[in-house]
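# Architecture at a glance
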Amino acid sequence: MLVKDLKTALSLTSLTTGGDEKEIKGCYCGDLLSWVMSRASEGDCWLTVMGNINAVAVAVLTDCACIVLTENAPLDENAKQRAQLEGVSVLTTSKNAYQVAAEISKLL
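Each residue is numbered by its place in its chain's sequence as written, counting from 1. A pLDDT threshold of at least 70 governs which residues receive local features in this predicted model, and a stricter bar of 80 or more applies before side-chain atom pairs are shown or counted, although totals over entire chains, interfaces and linings include all residues. Water and hydrogen atoms were dropped before computing side-chain values, which therefore reflect all heavy atoms in the structure.

### Some thoughts on the pairing of strand S2 (residues 26–29)
A one-sided burial pattern is seen for S2, the buried positions being Gly26 and Tyr28 and the unburied ones Cys27 and Cys29. With strands facing away from the observer, any crossover in which the path from the first strand over the helix to the second runs clockwise is taken as right-handed. Segments assigned H or I by DSSP are reported as helices when at least four residues long, segments assigned E as strands when at least two residues long, and all are numbered from the N terminus. As a crossover connection, the stretch from S2 through helix H2 (residues 33–39) into strand S3 (residues 44–48) is right-handed. Partly exposed describes any residue whose relative accessible area lies between the buried limit of under 20% and the exposed limit of over 50%, with all areas from a 1.4 Å probe on protein chains only and scaled to the type maximum.

Here it is in structure tokens:
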């Protein structure tokens, strides 16, 4: 499944452009950046409430397919700019991480 397909299937809102053609291979939930950095896998859809520039850096380092900010968590402006530069797709939803992960598990 591609990021753009997930976006459509779950009615997610894009906060950045680019990265929609990346393949989603799995899902990872977590907000502690150092923990995610050592455990997320390439191609994961990362569910978090961390919308700062460090989260974008972790997504780049782990080669996550995208970041989904759950519970309408905000994306900092400097994080948005960096995500655009790095081609990281950042999406948002009002649902919590459990709800989104359960929906993703049905799609993958």
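### Notes on unusual backbone geometry
Peptide bonds are mostly trans, and most non-glycine residues show a negative phi. Here the phi dihedral of Ser11 falls at roughly 55 degrees; this positive angle occurs in a residue that is not glycine. In this structure, Ser11 sits in the loop between helix H1 (3–9) and strand S1 (13–14). Exposure remark for Ser11: the relative accessible area of 61% places this residue in the exposed category. Notably, Glu71 is not glycine yet its phi reads approximately 55 degrees, a positive angle. Mapping Glu71 onto the fold places it in the loop between strand S4 (66–69) and helix H4 (77–86).

### Focus on the packing of aromatic side chains
Aromatic rings from Phe, Tyr and Trp, with only the six-membered ring used for Trp, were paired whenever their centres fell within 6.5 Å, and each pair was classed as stacked if the ring planes differed by under 30 degrees, edge-to-face if by over 60, and tilted otherwise. Counted under the stated rule, the structure contains zero aromatic pairs. Whether a charge lies above a ring is judged from NZ of Lys or CZ of Arg, which has to be within 6 Å of the ring centre and within 35 degrees of the ring normal. Across from the ring centre of Trp35, 3.4 Å away, lies the NZ or CZ of Arg39, which sits over that ring.

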